[in-house]
Amino acid sequence: MIDARSHSFADRHVGPDEGELARILDVVGVASLDELATKAVPASILDPAVGGVAAGLDALGEPLSEHEALAALTQLAGRNTTAVSMIGLGYYDTLTPPVLVRNILENPAWYTAYTPYQPEISQGRLEALLNFQTMIADLTGMEIANSSMLDEGTAAAEAMTLLRRASRSKSPRFVIDTDLFPQTRAIVVTRAEPLGIEIVEADLTQGLPDGDFFGVLAQVPGASGRVVDHAATIAAAHDRGALVAVGADLLALTLLTPPGELGADACFGTTQRFGVPMGFGGPHAGYLAVHTKHARQLPGRLVGLSVDADGDKAYRLALQTREQHIRREKATSNICTAQVLLAVVAAMYASYHGAEGLTAIAQRVHGHAERLAAGLRAAGVDVVHENFFDTVLAKVPGRAADVVERAKAWNVNLRLVDADHVGIACDEATTDAHVDSVLAAFGSTATVECTPAPFGNRTSAFLQHESFTKYRTETAMLRYLRALSDKDIALDRSMIPLGSCTMKLNATAEMEPITWPGFSKLHPFAPVADAPGMLQVISDLQDWLVAITGYDAVSLQPNAGSQGEYAGLLAIRNYHLSRGDDHRTVCLIPSSAHGTNAASAVMAGMRVVVVACRENGDVDVDDLRAKVAEHAAELSAIMITYPSTHGVYEHEVGEICAAVHDAGGQVYVDGANLNALVGLARPGRFGGDVSHLNLHKTFCIPHGGGGPGVGPIGVRSHLVPFLPGHPMAPELGGSGPVSAAPYGSASILPITWTYIAMMGARGLRHASLTAIASANYIARRLDEYFPVLYTGENGMVAHECILDLRPLTKETGVTVDDVAKRLADYGFHAPTMSFPVSGTLMVEPTESENLDEIDRFIDAMIAIRGEIDRVGAGEWPVDDNPLRGAPHTARCLVAEWNHPYSREIAVYPAGLDRPKVWPSVRRIDGAHGDRNLVCSCPPIEAFTS
Ligand SMILES: *Cc1c(COP(=O)(O)O)cnc(C)c1O
């Protein structure tokens, strides 16, 4: 008889099979997963399960097979209308070179990588990101750019706060141009309010407003398409002690004098039209660039050049890497997960086309816009702005809706600006036929002959570095991408046991739909009727996440966990304000919290009060009660992480929530660790008012080397009115937006849809319990070599465990860094280092790793412990041993070898069985790079000696 379960997706997703699981449970000391559930998860929160299906999860239905799920999604994608999109407003159709689709977007070597915190095994994506930064700096005329922002709208908001930090003016006022994209405006306004920034809107072509202000936000081209030279505005603002940020379209900047050369202090925007499909709003890499003097104010991540132990050049994250963890409420922003994968695509798009190719695309786009304008004028239609790049604003008094409707009949979406105006944006995909359709919609029948003169006034060169000249053929690009990804450890080579990051399988069936045109070619502001399939995916997901979390409603708009935190805290803030409780501004945060929590609280206008943790790692409930009493009248919220960042299910979670509720506060449960809760307990039922989830952790969206992510929030009913809304999607209701698109990074939602549809209720619970079992197995087996720092009742951990290296470091001088780097020699990616406790490693195996791989990791750790002992015993000196020398490259073997350990121990410590990963550089000197900050490809002159 054929066992139906042998064909289920859940069995492919979950690593350990029945036999392996039995061995795992044996070591953990429980007879079954159900017993594990009762031993690990507090009875007060554990949901009952019948036949493996937890209470509340019946909404999920029977699991689909991979092919059934893909068939269902094919149907949903087919219900969407992918019209010719000429709506613009920061989203443009683009022609992604197929070599980039297959070898980046569809390539697990790129999309399953983690944020490059271990630079020695991340040189490939670090180089790609350095190319991205160089591309942005070159095109904007600025000196330094970070390695991606979450989107254009949030980049504008970050530019605002950056100017405030950098400005000498003490004025709370901030001037924004009336010609910003509506979503940019709305995000900036939303972001400003809790921070006490007063927004002043002004038409900058009419000069700056009266009075003091600390900064100015302008945009080229404007939402209306008009191209304005902001040089005079910038000079005038500087004269009045204010700084200026300019939002700029990257393609236009190939032709226009860049903001950096006009004196702007910051420049922001999106790189979407550089080969990244619109995807109903995202994900795309936003950008932010500044002059060097503001480098330390840049939010997000910055890749820089440094040197390794052999003095060779090597890349690593510079300056404010993990700054939220260090600076917490004083951090420049809460951005953690960004948009690395999309930044890589955009950078490679620029490499593939080069400066001439991009310029030619830009001229062609402008040529279509010119021909369109000429045709409109010929038909007697008023073209409002003379100076435009890609977007034409047509004035048709009283007829705008009619024109938009007629264009729709030709399958073209135009932008209905108001009753009298239509906006038409041309892009890389625009053809003469599209232009003719638009002209026909305006009632023009004349054929227009138009030979546009070359457009623009840019004189400076850009993208001259060989990264942008060497990879113009498909063969060259293919090999470049392969060479880069070969330098990195991603999930396609090894487990990545990063605690708090949940690096589980990103199944191919989950990934396939994201490049389907039915999802990827939708403009986020397309008519609702164009996207019924996409909206169905969204509403299914909302229903399923409601069932899984126990909340009443879910918003999918936030495009990272950090943005979910901010959105959730804003909801709490606005809830209190709506009840006249404007004095409730204190946010309690345990000392163990993820750094983004404190940074988000500050962004939501709250004051952070830290709650202590006990010796055993739990929140100190006595200190909590004291802090609640002390701040009762001003208490806004508590942010707790569950299970805690210490990897433990705290038993007092009910008491903690009650204490805060009794004092009139709200409970924010950071749901980043939901992989330990799905199918077991629901934060919306055990005391939370709001949680964010990380779909890029628990729900299979790949990390992409540091993004994309999706950070939806679930809320209880009283907070529903305060969920994020959007000016272009009035149907959402709610308050201000936190992302540029109504549904954030919509095009990757099919990944999570597919995962949940294929796992079903039973599969999800089985996955959570397997993840917990594997973490406990590792904790049990490694405890005698590296003591497990925190455990809950019954000596159990949740889905991850913290290994304490501090005693060993004290005894032997071998550091947590040494162990992390040494793991690369063994072919493993290091666990999370020094978070949440300095000098420790946090290990999270997830459910996807089978026992073989887990055992190999354990064996490597035990072998490393043996090496540490040899250092401790004086056999190897502290400063010359395989740990301190790690990682070892192939190249260091052929150099003179005068170490007290052999070459074989250096590079094949685990024997010849495990496939060898060769790190491409030795240990990197991070401090050197920070002292000599280089964050773009070295100028071409550096190569001509
Ligand atoms: C990952 C994580 C976050 C931040 O999520 P991002 O998506 O990286 O912004 C917040 N809290 C915890 C506990 C996390 O592990």
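On a predicted model such as this, the values are computed, not experimentally measured, just so you know.

## Digging into the overall build of the protein chain
A tally of helices and strands in the protein chain yields 29 helices and 28 strands. If you line up the protein chain on its principal axes, its C-alpha atoms span 85 × 70 × 70 Å. Sorting the 945 residues of the protein chain into buried and exposed places 64% on the buried side. The contacts in the protein chain between residues at least 6 apart in sequence include a share of 77% that link residues at least 24 apart. With the model as given, the accessible surface of the protein chain reaches about 31200 Å², and the carbon-plus-sulfur share is 51%.

## A look at the pairing of strand E10 (residues 286–290)
Regular strands show a simple pattern: their side chains alternate between the two faces of the sheet. Judged by how many residues are buried, E10 sits mostly within the fold: five of five residues are covered. The alternating pattern of E10 places Gly-286, Leu-288 and Val-290 and Tyr-287 and Ala-289 on opposite faces, both of which are buried. In this sheet, E10 lies alongside strand E4 (residues 144–145) in antiparallel orientation, the contact comprising two bridges. In the strand pairing of E10, Ala-145 is matched with Ala-289. Relative to E10, strand E9 (residues 266–270) runs antiparallel, the two sharing five bridges. If you follow Cys-267 over to E10, its bridge partner there is Ala-289.

## Re empty space enclosed by the protein
Scanning the entire structure with this criterion turns up 14 cavities of 30 Å³ or more. Counted as a void, the largest cavity has a volume near 210 Å³. Forming the walls of the largest cavity are 28 residues, and the residues nearest its centre are Leu-89, Gly-90, Tyr-92, Phe-181 and Asp-249. Elements represented by at least two residues in the lining of the largest cavity include exactly strand E7 (215–220), strand E8 (243–248), strand E14 (391–395) and strand E17 (421–425). Considering every element that reaches the lining of the largest cavity, the biggest residue donor is E17, with three residues. Grouping the amino acids of the lining of the largest cavity by side-chain chemistry returns 12 nonpolar, 11 polar and five charged. When its volume is computed, the second largest cavity comes out at roughly 170 Å³. Lining of the second largest cavity is provided by 16 residues; of these, Leu-105, Leu-342, Ile-514, Ser-747 and Ile-748 occupy positions nearest its centre.

## Focus: the site of the ligand
With respect to spatial proximity, 15 residues lie near the ligand, and among them Thr-337, Ser-500, Asp-670, His-696 and Lys-697 are the closest. Within the side chain of His-696, one N or O atom sits 2.6 Å away from an oxygen atom of the ligand. One nitrogen or oxygen atom from the side chain of Lys-697 is found 2.7 Å from an oxygen atom belonging to the ligand. Protein chains bury 98% of the 380 Å² of accessible surface belonging to the ligand in isolation. Take the shell around the ligand: its biggest share by element is three residues, from helix H19 (residues 561–578). Residue composition of the shell around the ligand, grouped by class: three nonpolar, nine polar and three charged.

## Concerning the nonpolar core
Residues Met-135, Leu-414 and Phe-442 are the most contacted members of the largest nonpolar core, which totals 239 residues. When near neighbours in sequence (up to four residues on either side) are disregarded, Met-135 contacts Leu-250, Thr-271, Phe-274, Ala-346, Ala-347, Ala-350, Leu-463 and Phe-468. In this structure, Ala-155, Leu-163, Leu-217 and Cys-935 belong to the second largest nonpolar core, which totals 32 residues.

## Observations regarding the environment of Cys-700
Residue position: Cys-700 is located in the loop between strand E23 (690–693) and strand E24 (713–715). In the structure, Cys-700 is positioned 194 residues away from Asn-506 in sequence and 5.2 Å away in space, judged by C-alpha atoms.

What counts as what
Residues numbered from 1 in each chain as written. Predicted model: local features only at pLDDT ≥ 70, side-chain atom pairs only at ≥ 80, totals over all residues. Heavy atoms only, no water. Helix = DSSP H or I, 4+ residues; strand = E, 2+ residues; numbered from the N terminus. Buried < 20%, exposed > 50% of the residue type's maximum accessible area, 1.4 Å probe, protein only. Contact = heavy atoms within 4.5 Å. Areas by Shrake-Rupley, 256 points an atom, 1.4 Å probe, with all protein chains shown as cover. Pairing = 2+ DSSP bridges. 1 Å grid on protein atoms, 1.4 Å probe; cavity = no way out; pocket = protein on both sides within 12 Å on 5 of 7 lines; lining within 4 Å. Points joined across faces, edges and corners; volume = space filled by probe spheres on them. Nonpolar A, V, L, I, M, F, W, Y, C, P; charged D, E, K, R; others polar. Near = heavy atom within 4 Å. Polar contact = N/O pair within 3.5 Å; in protein donor to acceptor, adjacent residues only side chain to side chain. Core = buried A, V, L, I, M, F, W, Y, C linked by side-chain atoms within 4.5 Å.

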